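# Per-entry structural report
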Amino acid sequence: MKKFIISVVCIVLAFAVLDAAYYRLGLYIDFHPNAEVTTFMTTDEDAIYMTVGGETQAFEIRGVNLGVGLPGEWATDYAIDKETYLRWFDYIKELGANTIRVYTILQDDFYNAFYEYNKDNDDPLYLIHGVWINDYTQNSHYDAYDDEFMQTFIDDCRTVVDILHGNKKLSLGYGTGSGTYNHDVSQWVIGYILGVEWEDVTVLYTDEKYPGRNSYEGKYMYTGEEATPFEAMLAEVGDNIIEYETTRYKQQRLIAFSNWPTTDPFEYPEDVAEYFMKCAEVDVEHIKTTDSFISGQFASYHVYPYYPDYLEYVDDWSVFGITDKSQFLTEDGELNTYRAYLSLLSEYHTMPVVIAEYGVSSSRGMAQVDKNTGRNQGNLSEQEQGEALVECYKDITASGCAGSIAFTWQDEWFKRTWNTMHAVDLENTPYWSDYQTNEQYFGLLSFDPGNEESVCYVDGDISEWADRDKVVDAGDMSVSMKYDEKFIYFLVYKKDFDSETDVLYIPIDTTQKTGSTYCSNYDIKFDRECDFIISIDGKDNSRVQVQERYNVLRAMYYHETNNEDAYVNEVDKDTNVFTNIELILQTSRQLELGFGYNYGDSVSGTADVAETYETGILTYGNANPQSDDFNSLADFIFNGDYIEIKLPWQLLNFSNPSEMMIHDDYYECYGVENIQIDKMYVGIGINETKTQRIMLEPFQLEGWGKNVTYHERLKESYYILQEYWAQTDAEKAAGQ
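To start, this report covers the structure provided alongside it. Only a predicted model underlies this, so the values are computations on that prediction, with no experimental measurement involved. (Residues numbered from 1 in each chain as written. Predicted model: local features only at pLDDT ≥ 70, side-chain atom pairs only at ≥ 80, totals over all residues. Heavy atoms only, no water.)

## Let's talk about the sheet that holds strand β37 (residues 693-694)
Ordered in space as β23-β24-β37, the 3 strands form an open sheet in which the pairing is mixed. Looking at which strands have only one partner, the edges of the open sheet turn out to be β23 (516-519) and β37. In the sheet, strand β24 (residues 524-530) pairs with β37 via 2 bridges, with the strands oriented parallel. By the bridge assignment, lysine 525 is partnered in β37 with arginine 693. (Pairing = 2+ DSSP bridges. Helix = DSSP H or I, 4+ residues; strand = E, 2+ residues; numbered from the N terminus.)

Set out below in structure tokens:
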């Protein structure tokens, strides 16, 4: 019996060792070294081809990027289950896409769902898989040849290959998904995009540190004479993933290296390069392939219409070989620098170009203006988002690119944006929907608060309001309130309300640290020190304003907007001045280059000043997605004697409404710190009774913690893009 037990234990241990070696460490023996290597994806200089059933046809990559976020979850929670993926795959296919792109290794639920969706499907979805470089690696002391960068990059490439061929087991703890990957999905994987948007400083640091390490000679990839050390690193990584898949699985597929305008291969005039701080280039034309690589290489770029718009600042385009700008004019006569830039990329490369990210956000907040075509980074309605996606797609195809991948499939609550991240609690972003943060709203699929529907829709229908919602009852005027994970809602009543002549004032007190009992802007008084005023003054002149001391833009960006230190001349705690609420836009504008905006006497000479826009101004319209005249950006609407209003939490300086955290006094804390409140105070007044002091009443607040509610909704942009793609397919089928 003892020998039997020992034998069993040895067998189990041997099995465990072999299992770990094969499925976890990737060790294998090539029993068929002379087997034929196959591929179903090839390229020429301009196009990508797919071979199915022995027939080879040109294949346009028409895809969507798929993120990993769900409300209430961080990206690294990998919380999306198999059933959700299957539902989304149906939506994506019905959209008219043929490809999904993922950025990194996901939980095994994704690959299981992808296999199940495709295995008996005559019209499958295809996959482009990324290999991720984490943010810390790129923003630390590492150069690209450090083991933490390059060796991890190579190891992750091999892991991705094994996963796609169904030969991998992963455990949690490495910042990626985990599970048992035992479904071979490789027959639907058309290629890899290796890396991320390269940090220019990492590229430059590597190139400067290793000037002699600028060549690589591999079996499948090698570098040309003009290659840089960073490009040589990419060639080695690319050669490695091709060799691994070729040797172990006898397959090859398309290879691309991620890139974006910040490290594009072009040289710009010195003043433009200095303005945008463009200091590095990555040129995949310096990475060559041998005859042993039978699949193909394409150039991958993330290109958005609004930033960095280099060509907007270059007067003489002849330096790029463009002598006639008129070919890039829109129907309205505006210069379409987006199409021009795409054309430069397409014409420069001797391989197909795929725009692996393009898109715009349907957020309320905005971070950058596209001054030519209006495809801004935010502050677009869902309809405008859809129209912009269509126009971007038209530009991409017209420029000769071989494919495009829209960014992105779903909205992601956890994300942050540079021009709002100072104002929010970054450790709790997944637990509320911040409509001011544009990065959260690039999706075609929205997550709206509420399990089935939101607690309120600003549409003029007051049936969803009850007596228990009333906070202020001032006779012929009243205010009711409620809230959810995205908005604070107000129902304002004024007997015999005339939207043409009446001006209503709704003062709000959130913090006891600041505020004023008088607003000199409107000459109105309050019985409490107020921080905000909602002014309802017709359809086109209504806004929210903030007491100047509680203005976060002044506290955080006064130097950029006014060339002064906000803390040298701090604002009085009880100042009676209420200012517009604004957001800063991307970068400062250098007046010396003629790009800038003069903000008055405080700005002169060659000073840099930042552009801002008023985000506190309120948009009139119907915000119910079920309405024919739906406008996702609508903030308020009239209905007789009633006004419905919705405000995003951040507009009132809430940093984390899930726990009812708001900004403390900036000038006591020298920046943004947070305090918790359990109530806010509101009142109502009218322009005809300015001599009367407006009385404010408390509205109780209770956070929801991490227990978020949400339901899915396909945006208007989804249907607009779907319609255009269907029209395009119909025209192709008809031979037009």
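## Quick look at the sheet that holds strand β31 (residues 642-648)
The strand order across the open sheet built from 5 strands is β19-β20-β21-β31-β30, with neighbouring strands paired in antiparallel fashion. Two strands bound the open sheet, and with one partner strand each, they are β19 (470-473) and β30 (636-639). Averaged over all pairs of adjacent strands, the angle between their axes in this sheet comes to 15 degrees, without regard to strand direction. Relative to β31, β30 runs antiparallel, the two being bridged by 4 bridges. When the bridges of β31 are listed, asparagine 639 appears paired with tyrosine 642. (Axes fitted to C-alpha atoms, helices over the stretch in contact; angles between N-to-C directions.)

## Overview of the packing of aromatic side chains
Taken as a whole and judged by the stated rule, the model has 59 aromatic pairs. Relative to phenylalanine 447, the ring of tryptophan 88 lies with its centre 6.4 Å away and its plane at 45 degrees, an arrangement referred to as tilted. Of this pair, tryptophan 88 sits in helix α2 (residues 82-95) while phenylalanine 447 sits in strand β18 (residues 445-448), and the two are 359 residues apart along the sequence. On the basis of relative accessible area, phenylalanine 447 is assigned to the buried category, the value being 2%. Centre to centre, the rings of tyrosine 115 and tryptophan 188 are 6.1 Å apart; their planes meet at 65 degrees, and the pair counts as edge-to-face. (Phe/Tyr/Trp six-rings, centres within 6.5 Å; stacked < 30°, edge-to-face > 60°. Buried < 20%, exposed > 50% of the residue type's maximum accessible area, 1.4 Å probe, protein only.)

## Some points on the pairing of strand β20 (residues 477-483)
Judged by how many residues are buried, β20 sits mostly within the fold: 6 of 7 residues are covered. Direction of pairing for β19 relative to β20: antiparallel, over a ladder of 3 bridges. Directly across from aspartate 473, in β20, lies its bridge partner serine 478. Following β19, the chain reverses through 3 residues before pairing antiparallel with β20; glycine 475 in that reversal takes a positive phi of roughly 80 degrees. Note: β20 against strand β21 (residues 487-494), 7 bridges, orientation antiparallel.

## Describing the nonpolar core
One recurring pattern in soluble globular proteins is that nonpolar side chains are buried together. Core analysis: the largest hydrophobic core is formed by 182 residues, its most contacted members being Phe153, Ile355 and Phe490. It is helix α7 (residues 229-249) that provides the largest number of residues to this core, a total of 10 residues. Those residues in contact with isoleucine 355, other than ones at most four positions away along the chain, are Tyr301, Val303, Tyr338, Leu342, Leu345, Ile396, Cys401, Gly403, Ser404 and Ile405. (Core = buried A, V, L, I, M, F, W, Y, C linked by side-chain atoms within 4.5 Å. Contact = heavy atoms within 4.5 Å.)

## Overview of the pattern of salt bridges
Once their charged atoms are close, side chains differing in charge can pair, the charge on each being opposite to the other. Here the structure, examined in full by the defined rule, presents 30 salt bridges. Between arginine 62 and aspartate 729 there is a salt bridge, with its nearest N and O atoms 2.9 Å apart. In this pair, arginine 62 is assigned in strand β4 (residues 61-65) and aspartate 729 in helix α13 (residues 716-733), connecting sequence segments 667 residues apart. Accessibility expressed as a relative area gives 3% for arginine 62, which makes it buried. Overall, the relative accessible area of 35% leaves aspartate 729 in the partly exposed class. With its nearest N and O atoms 3.0 Å apart, the salt bridge here joins aspartate 509 to arginine 528. In this pair, aspartate 509 sits in strand β22 (residues 504-509) while arginine 528 sits in strand β24, placing the two residues 19 residues apart along the sequence. When salt bridges with common partners are traced through the structure, they connect Lys513, Arg549, Glu570, Lys573, Asp664, Asp665 and Glu668 into a single cluster. (Salt bridge = Lys/Arg side-chain N within 4 Å of Asp/Glu carboxyl O.)

## Some words on a negative patch on the surface
Together, Glu270, Asp271, Glu274, Asp315 and Asp316 make up a region of like negative charge exposed at the surface. As for its placement among the helices and strands, glutamate 270 is situated in helix α8 (residues 270-275). Using a relative accessible area of 67% as the deciding quantity, one classes glutamate 270 as exposed. (Patch = residues over 30% accessible without salt bridge, like charges linked within 9 Å, V, L, I, M, F, W, Y side chains within 5 Å. Areas by Shrake-Rupley, 256 points an atom, 1.4 Å probe, with all protein chains shown as cover. Lys, Arg positive; Asp, Glu negative; His and termini not counted. Charge placed at Lys NZ, Arg CZ, Asp CG, Glu CD.)

## Observations regarding the packing of helix α5 (residues 147-164) against α7
Contact pair α5 / α7: the axes reach a minimum separation of 10 Å and the direction vectors enclose 30 degrees. Put simply, α5 runs roughly parallel to α7. The chirality of how α5 crosses α7 is right-handed. Along the contact surface, α5 presents Phe149, Met150, Phe153, Ile154, Cys157, Arg158, Val161 and Asp162, while α7 presents Phe230, Met233, Leu234, Glu236, Val237, Asn240, Ile241, Tyr244, Glu245, Arg248 and Tyr249. Classifying every residue of the contact of α5 with α7 gives 13 nonpolar, 1 polar and 5 charged. (Parallel < 35°, antiparallel > 145°, perpendicular 65-115°, else oblique. Left-handed = near helix turned anticlockwise from the far one by under 90°. Nonpolar A, V, L, I, M, F, W, Y, C, P; charged D, E, K, R; others polar.)

## Observations regarding the packing of helix α10 (residues 382-398) against α13
The N-to-C vectors of α10 and α13 enclose an angle of 35 degrees; their axes lie 7 Å apart at closest approach. Judged by the sense of rotation from one axis to the other, the crossing of α10 with α13 is right-handed. Counted together, Glu382, Gln383, Gln385, Gly386, Glu387, Leu389, Val390, Tyr393 and Lys394 of α10 and Glu716, Ser717, Ile720, Leu721, Tyr724 and Trp725 of α13 form the full contact between these two elements. Residue composition of the contact of α10 with α13, by class: 7 nonpolar, 4 polar and 4 charged.

## A look at the environment of leucine 651
Along the chain, leucine 651 falls in the loop between β31 and β32 (654-656). Residue class for leucine 651 comes out buried when judged on its relative accessible area of 3%. The spacing of leucine 651 and glutamate 564 is 87 residues in sequence and 24 Å in space, taken between C-alpha atoms. Sequence-distant contacts of leucine 651, that is, excluding residues within four places in its chain, are made with Arg364, Gln436, Phe532, Val544, Ile581, Thr615 and Gly616.

## Quick notes on the environment of alanine 58
Within the element layout of this structure, alanine 58 appears in strand β3 (residues 55-58). The spatial distance from the C-alpha of alanine 58 to the C-alpha of serine 480 is 59 Å, given a sequence separation of 422 residues. The contacts of alanine 58, once residues within four sequence positions are left out, are Ile48 and Tyr49.

Structural measurements only, silent on function.
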